[in-house]
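# Chain and residue survey
Okay, here's what each chain looks like letter by letter:
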Amino acid sequence: MKPTALVAGNWKMNGLMSSQAELEALAGMLKDGGDADCDVLICPPFTLVSAFASAGYAGVAIGAQDCHAAQSGAHTGDISAEMLRDAGAKYVIVGHSERRADHAETSALVQDKASAVLSEGLKAIVCVGETEAERDAGRTLDVVLSQVAESVPAAATPHNTIVAYEPVWAIGTGRTPTVADVADVHAALRRALIERFEDAGEGFAILYGGSVKPSNAKELMAADNVNGALVGGASLKAADLNGIIEAYR
Ligand code: PGA
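To keep things clear, this report deals only with the structure shown in the data block. (Residues numbered from 1 in each chain as written. Predicted model: local features only at pLDDT ≥ 70, side-chain atom pairs only at ≥ 80, totals over all residues. Heavy atoms only, no water.)

## Describing the overall build of the chain
The helix and strand tally for the chain stands at 10 helices and 8 strands. Against the compact-globule benchmark of 18 Å for 249 residues, the chain has a radius of gyration of 17 Å, which places it among compact chains. Along the first, second and third principal axes, the C-alpha atoms of the chain reach 45 × 45 × 35 Å. Counting every position in the chain, which comprises 249 residues, the buried fraction comes to 50%. A separation threshold of at least 6 residues defines the contact pool for the chain, and within that pool the share at least 24 residues apart is 71%. Looking at the chain as shown, the accessible area adds up to about 10900 Å², and 51% of this sits on carbon and sulfur atoms. The averaged location of the 32 negative side-chain charges in the chain is 2 Å from the averaged location of its 19 positive side-chain charges. (Helix = DSSP H or I, 4+ residues; strand = E, 2+ residues; numbered from the N terminus. Rg over C-alpha atoms; globule rule 2.2 N^0.38 Å. Buried < 20%, exposed > 50% of the residue type's maximum accessible area, 1.4 Å probe, protein only. Contact = heavy atoms within 4.5 Å. Areas by Shrake-Rupley, 256 points an atom, 1.4 Å probe, with all protein chains shown as cover. Lys, Arg positive; Asp, Glu negative; His and termini not counted. Charge placed at Lys NZ, Arg CZ, Asp CG, Glu CD.)

Put into structure tokens, the structure is as follows:
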């Protein structure tokens, strides 16, 4: 099975009801731009998931950026995967480096969150990535391989789970690894997925994330085992995201 490519926008803590205009513009560009050989996803903040999903923008799936590992209960301020499914989300990002760093999320917790996502029949986008200090110390593969081993649940399949490699130092900085460095990490992730899930390991989409923009998308997306992009800043403007999707037209 060949992975289905995905271009996913992570809006982080950005977006208001008025941002629906951007989704409308994106749906228009997808229609006018012609078929792209990838799925398209926008993950707005929780407050917009229901509105965006119920508005129904053609060609654009809606997801969320995090969830709690429990289905319900005394967790003030948290949101469960069941609530996200109920709101119309189809995907949930888990283990983003900003969650790992700002909320001390461990890979064990990320795995519990991913399991909660899969239990609701949603797709989990499980993020991994090294810090700059880890890269400088030559520990990139150690770090991402242990994160992926500890964060991806046993119930993962190519249909319900996507892995996203996001070097922490490339997020929001305008810096990216070389295409060869990206391909090395993705090849190592692919080998690890095949070792663990056997033939199914071939089918998992592995996204690259970190300063993806229209000007670098084509070469990054062409690297071996890169099956799409997780896009932060450049996903906030329809024209920029459409420029990245262009890599799949
Ligand atoms: P960026 O963010 O595209 O703004 O670098 C990527 C991400 O954090 O998912």
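## Focus on helix H2 (residues 46-55)
Of all the positions in H2, only Leu48, Val49, Ala51 and Phe52 are classed as buried. Following H2 by one or two positions, Gly56 adopts a phi angle in the positive range, close to 65°.

## A closer look at the site of the ligand
Near the ligand lie 13 residues; those nearest to it are Lys12, His96, Glu166, Gly172 and Ser211. Contact distances for the ligand include 2.8 Å between an oxygen atom and a backbone N or O atom of Gly232. At a separation of 2.8 Å, an oxygen atom of the ligand approaches a polar backbone atom of Gly233. Protein chains bury 95% of the 280 Å² of accessible surface belonging to the ligand in isolation. Looking at the shell around the ligand residue by residue, the classes come out as 4 nonpolar, 7 polar and 2 charged. (Near = heavy atom within 4 Å. Polar contact = N/O pair within 3.5 Å; in protein donor to acceptor, adjacent residues only side chain to side chain. Nonpolar A, V, L, I, M, F, W, Y, C, P; charged D, E, K, R; others polar.)

## With respect to helix H7 (residues 140-151)
For H7, spanning 12 residues, the distance from its first C-alpha to its last is 16 Å, which sits close to the expected 16 Å at 1.5 Å a residue. What H7 keeps buried is the set Thr140, Val143, Val144, Gln147, Val148 and Ser151. Axial view of H7: buried residues confined to an arc of 120°, hence all on one face. In this structure, the buried side of H7 is in contact with helix H4 (97-102), helix H5 (107-119), strand E5 (123-128), helix H6 (132-136), strand E6 (161-165) and helix H8 (179-197). (Expected span 1.5 Å × (residues − 1). Arc of directions from axis to C-beta.)

## A closer look at the pattern of salt bridges
According to the stated counting rule, one finds 11 salt bridges in the structure shown. One salt bridge in this structure joins Arg85 and Glu120, with 2.9 Å as the shortest N-O distance. In this pair, Arg85 is assigned in helix H3 (residues 81-87) and Glu120 in the loop between H5 and E5, connecting sequence segments 35 residues apart. Under the relative-accessibility criterion, Arg85 is labelled partly exposed at 37%. Judged by relative accessible area, which is 14%, Glu120 ranks as buried. For Arg135, the salt bridge is made with Asp181, and the minimal N-O distance between the two is 3.4 Å. Within this pair, whereas Arg135 is found in helix H6, its partner Asp181 is found in helix H8, the two being separated by 46 residues in sequence. For Asp181, a relative accessible area of 29% translates into the label partly exposed. Because the salt bridges share partners, they merge into one network encompassing Asp66, Arg99, Glu105 and Lys113. (Salt bridge = Lys/Arg side-chain N within 4 Å of Asp/Glu carboxyl O.)

## What to know about the environment of Cys43
Inspection of the secondary structure puts Cys43 in strand E2 (residues 39-43). Note on Cys43: relative accessible area 0%, which makes it buried. Spatially, the C-alpha atom of Cys43 lies 16 Å from that of Lys113, the residues being 70 residues apart in sequence. The contact partners of Cys43, leaving out residues within four places of it in the chain, are Gly9, Asn10, Trp11, Lys12, Gly63, Ala64, Gln65 and Ile93.

## Brief notes about the state of the cysteines
Summed over all chains, the structure comprises 0 disulfides. Counting only cysteine sulfurs, Cys43 is the nearest neighbor of Cys67, a cysteine outside any disulfide, at a range of 12 Å. Judged by relative accessible area, Cys67 falls into the buried class, the value being 1%. With no disulfide of its own, Cys127 lies 9.4 Å from the sulfur of Cys43, the closest cysteine sulfur. (Disulfide = S-S within 2.5 Å.)

## Quick notes on the pairing of strand E8 (residues 228-231)
On E8, burial covers both faces: Gly228 and Leu230 on one face and Ala229 and Val231 on the other are all buried. With 4 bridges joining them, strand E1 (residues 6-10) and E8 adopt parallel strand pairing. Paired with Val7 across the two strands is Ala229, which belongs to E8. After leaving strand E7 (residues 206-209), the chain enters helix H9 (residues 214-221) and then returns to the sheet as E8, a path that is right-handed. (Pairing = 2+ DSSP bridges. Right-handed = clockwise from strand over helix to strand, strands pointing away.)

## With respect to the environment of Gly233
Its location among the elements puts Gly233 in the loop between E8 and helix H10 (238-245). Residue classification places Gly233 among the exposed residues on the basis of a relative accessible area of 61%.

Take it as geometry only, folks, not as evidence of what the structure does.
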